Amino acid sequence: MPIRKCIFNKTLQEKYPFIKLRGICPSDVLCEKCSTQFSVSYGGGSDVEQHLRSEKHKNADRAAAASHPLQRYFKNVNTPTSKDLEIAAAEGVWAYHTVQENHSFRSNDSPSTATWASISTDASNHGSQKMFPILVRYFLPYEGVQVKILEFKELFGENSDIIVSYVADVLREHNILSKIVAFCGDNTNCNFGGSERKGKNNVFAKLNQITAIEVAKVINELRANLEEKLSSIFLPYSVRRLLSDLQKKGEVQEDYVKSIASDFYKTTTEYLQQWTSYNHSELQIFKWVDLRKILTWVEVQKSMDVLIEKGLIGSEQDTEAFDEFTLFSSYVSDKAEEWNSDFSNKYAEHRWIEVFQYFRDNNLNHTIFQKIVEYVLCMPATNAPVERIFSLMNNLWTAEKTQLQVSSLKAMLLTKVNFKMSCTEFYSFLKSSPDLLQQICSNEKYTSI
């Protein structure tokens, strides 16, 4: 018969107020004095007493007894002088530089200013902690695609209910829940419910959003390429040369190698068909947004119909959209040849920035087209931005920083990812932000976050 686990009950909580429950397991606790995590499942109070006798906890007690709060050594600045504000600005830039350069806030441009946005998320373990970032991607007509961190925290569990609750709360907090048009995550049953997307107990179904479309063109080209290689049983030169040498030695048969190659092309083609056929017709409708050729009203009208049916654009706006189309078509016709020969400007994002800037500078209406393009370009092509966050996390959260709090790590990641200012630009930003300088001058910055 299994031994019943002990829990950190109310009696123990009252006896050891500096020990707090950690997570959803009633036996996992955290000592706030020495920031040590441990379990009381085996012995209950005796586990706590054993921890109190540990050298790490004793050292924390000695340090607390011999130390005074840091605030004691600083004056309370309620009305800072101009010199105080100068020092505060320099101090703020120093902190900003330290984080940006990886030495041992939130962004100014908020997704709330965008018409549509998409979110990406994933989970990664750091020791026993499961870290869960949420990234938002959106398109600003005169600046381009933006990818920012919305939230970064530890989650206790990874089922669809926990993830959906977490994501929805964050989106409500930032007031962008109604603007989300796509969700990107690992291709798991928990996130998407299998290749047919028919399940209901997954994040995708519960968020009730649409799929990404930005990779449709690349996937179609890849599929066509594989189908052509399959029909031709394509073998690269190096393979054919090696095959010829092995045939002369009698070590391999040509028909066998070709059958293996044929099976490979067939398997990869079938895989793409299975996992990329969902909502494929909608992906094709927006193909014109890459601006690789002259626009036609038939293509734009089909896109309008999709957004009208989704309730994202009013049905009465198609006349306004046609008026805008005549202007866009004229401009794009003049620029198409230049764009297609300019490799530095090959992405649709860069082309649309140029278009929208021209229309803004010349006071030309582009409201409807802006909504369509924002809808398309906010879609994530991959989940790579989330993986980059995990790489940054591991670079910052090294073995030497065992006491680094998740809240501090989150602040560092927000600064590195969401802010693109140089130190000089950040200094100017601080000088124009009196409330922020006031906070830097105060003792508030010495409070543990």
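Residues numbered from 1 in each chain as written. Predicted model: local features only at pLDDT ≥ 70, side-chain atom pairs only at ≥ 80, totals over all residues. Heavy atoms only, no water.

**A word on the environment of C31**
With respect to the element layout, C31 can be found in strand β2 (residues 28-31). Once the C-alpha coordinates of C31 and F18 are considered, the two residues, 13 residues apart in sequence, prove to be 6.1 Å apart. Residues within four places of C31 in sequence aside, it is in contact with F18, I19, T36, F38, H51 and H57. (Helix = DSSP H or I, 4+ residues; strand = E, 2+ residues; numbered from the N terminus. Contact = heavy atoms within 4.5 Å.)

**A closer look at the packing of aromatic side chains**
Taken as a whole and assessed by the stated rule, the structure comprises 21 aromatic pairs. Seen from their ring centres, F426 and F429 are 5.8 Å apart, and the 40° between their planes marks the pair as tilted. Of this pair, F426 and F429 both sit in helix α18 (residues 423-431), three residues apart, which is roughly one turn of the helix. Residue classification places F426 among the buried residues on the basis of a relative accessible area of 1%. (Phe/Tyr/Trp six-rings, centres within 6.5 Å; stacked < 30°, edge-to-face > 60°. Buried < 20%, exposed > 50% of the residue type's maximum accessible area, 1.4 Å probe, protein only.)

**Let's talk about the pairing of strand β6 (residues 129-140)**
Along β6, twelve of the twelve residues are buried, which leaves the element largely enclosed by surrounding structure. Neither face of β6 is left uncovered, since the one carrying Q129, M131, P133, L135, R137 and F139 and the one carrying K130, F132, I134, V136, Y138 and L140 both have all their residues buried. Inspection of the sheet shows strand β4 (residues 117-121) paired to β6 by four bridges, in the antiparallel sense. If you follow S118 over to β6, its bridge partner there is R137. Pairing analysis gives three bridges linking strand β5 (residues 124-126) to β6, with the strands arranged antiparallel. Across the sheet, residue H126 finds its bridge partner in β6, namely Q129. With antiparallel pairing between neighbouring strands as the criterion, β5 and β6 make up a hairpin whose turn holds two residues, including G127 at a positive phi of roughly 65°. Taking the residues that link successive antiparallel strands as the turn, the β6-strand β7 (residues 144-154) hairpin has three residues. (Pairing = 2+ DSSP bridges.)

**Re the confidence of the model for the chain**
Chain-level statistics for the chain give a pLDDT mean of 79 and a share of 80% at 70 or above. In the model, residues 208-214 has pLDDT below 50 throughout and makes 31 contacts with residues more than four positions away in sequence or in other chains. (pLDDT = per-residue confidence, 0-100.)

**With respect to unusual backbone geometry**
Trans peptide bonds make up most of the peptide bonds, and negative phi angles are found at most residues other than glycine. Positioned with a positive phi, N175 is a non-glycine residue whose angle comes to about 60°. Following the sequence through the fold, N175 ends up in the loop between α5 (160-173) and β8 (180-184). Of note in the backbone geometry, I233 takes a positive phi value of approximately 45° without being a glycine. If you trace the backbone, I233 turns up in the loop between α8 (216-232) and α9 (237-248).

**Focus on helix α13 (residues 318-341)**
In this model α13 runs 33 Å from its N-terminal to its C-terminal C-alpha over 24 residues, within 8% of the 34 Å that 1.5 Å per residue would give. Those residues of α13 that fall on the buried side of the exposure criterion are A321, E324, F325, F328, S329, Y331, V332, K335, A336 and W339. (Expected span 1.5 Å × (residues − 1).)

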